[in-house]
Amino acid sequence: MLRRAAATAVVLAGALAPTAHADGGGGVCEGAGMDVTVCASDDTTAPGSSGSEDTGTKPVRAGGKKPTPPPCTYTKLDPPPPKNNLGWEGHTAKDGAVYQVNCPDSGRVGVTFVPNGTGPAAPTIDPELVARRAVDSMRLTGPKVASPRAAGKYVVGMPMWMWVTRSTSSYGPATAKATAGGVTVTATAKVSTIRWDMGDGTTVTCTGPGTPYSPDQGKTLSPDCGHRYERSAADQPDGRYKGTATATWTVTWTAPALHDGGEFTETRQTAFGVRVGEVQVLNSVP
């Protein structure tokens, strides 16, 4: 499993390239549901044999083509990192070695443990980009906002409970596989946080789906995801605050054949509106 830096000053960094070196513009070739095969070229030259400590590119021969650099290189760390480094994944030097992973296409840098007798293969495609194709097949969406309700009417100063309806595509966990360039990756995605932009200049970040309100709760505050509007939305278009709920999806992935894996995040957003008014008090005339 790819690890972020501990004592070896190796970190996960950089924005990822939008493509996965796919033929004819890429996309899903075949397969359905949560198990897909991604169109990708398999003819990329990947110098170095399995288990090589340095899979760098070969020099250009006179009159020949310049070899295509491998999307990722795996270099054995020498000297090895300290025993308490996360890259060991609970193993020791008797079990194998820690390799540095460098993927220029995506900017991904990290470390991974490789058992003795296996050696990291040099993939023809960056496995993290394959993982992103697996995520594309999940068709993840923004949160399904259950509250605030579009037809609801809310009162200034009163606690409002926010929550979402959970489903595989809107909250997770969702799992899918993708194959490209001879690399098969399994990815699992789950919402880790939801950031609520309430439309009144405030934001609320919730680490769960929120708790549904029930009448017996009265005027109590939500235990985990709520807001209180301090002014009416009468001056807003259609008398509503325009808000958004943005879900951050945390994706973990593994490429078993490469002894590689990692984590990244993606976001999905849903718009909502909240009608907020003042309490109307009628005074009777004696």
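Please refer to the structure higher up on the page.
Presented here is a report on the structure given in the accompanying data block.

Parameters and conventions
Residues numbered from 1 in each chain as written. Predicted model: local features only at pLDDT ≥ 70, side-chain atom pairs only at ≥ 80, totals over all residues. Heavy atoms only, no water. Phe/Tyr/Trp six-rings, centres within 6.5 Å; stacked < 30°, edge-to-face > 60°. Helix = DSSP H or I, 4+ residues; strand = E, 2+ residues; numbered from the N terminus. Buried < 20%, exposed > 50% of the residue type's maximum accessible area, 1.4 Å probe, protein only. Lys NZ or Arg CZ within 6 Å of the ring centre and 35° of its normal. Pairing = 2+ DSSP bridges. Axes fitted to C-alpha atoms, helices over the stretch in contact; angles between N-to-C directions. Disulfide = S-S within 2.5 Å.

## With respect to the packing of aromatic side chains
- Scanning all chains against the criterion turns up four aromatic pairs.
- Summarising the aromatic geometry, the rings of Trp 88 and Phe 113 are spaced 6.2 Å apart at their centres and angled 50 degrees between planes, so their arrangement reads as tilted. Of this pair, Trp 88 sits in the loop between strand 3 (73–76) and strand 4 (96–103) while Phe 113 sits in strand 5 (residues 108–115), and the two are 25 residues apart along the sequence.
- The class for Trp 88 is buried, based on a relative accessible area of 6%.
- Over the aromatic face of Phe 264 sits the side chain of Arg 132, whose NZ or CZ is 4.0 Å from the ring centroid.

## Focus: the pairing of strand 10 (residues 174–180)
- Residue alternation in strand 10 divides its side chains into a buried set, Ala 174, Ala 176, Ala 178 and Ala 180, and an unburied set, Thr 175, Lys 177 and Thr 179.
- Both strand 10 and strand 11 (residues 183–197) contribute to a ladder of seven bridges, which runs antiparallel. From the neighbouring strand, Ala 176 faces strand 11, where its bridge partner is Ala 187.

## Looking at the sheet that holds strand 4
- In spatial order, the strands read 3-4-5; together these three strands make up an open sheet with antiparallel pairing. With one partner strand each, in any of the chains shown, strand 3 and strand 5 form the two edges of the open sheet. Averaged over all neighbouring strand pairs, the angle between strand axes comes to 30 degrees, with direction disregarded.
- Inspection of the sheet shows strand 3 paired to strand 4 by four bridges, in the antiparallel sense. Within strand 4, the position partnered with Tyr 74 by the bridge is Val 101.

## Some remarks on the state of the cysteines
- This structure, assessed with the given rule, holds two disulfides.
- Across a sulfur-sulfur distance of 2.2 Å, Cys 72 and Cys 103 are joined as a disulfide pair. The chirality of the disulfide connecting Cys 72 with Cys 103 is right-handed, given an S-S dihedral of about 110 degrees. Of this pair, Cys 72 sits in the loop between strand 2 (35–38) and strand 3 while Cys 103 sits in strand 4, and the two are 31 residues apart along the sequence.

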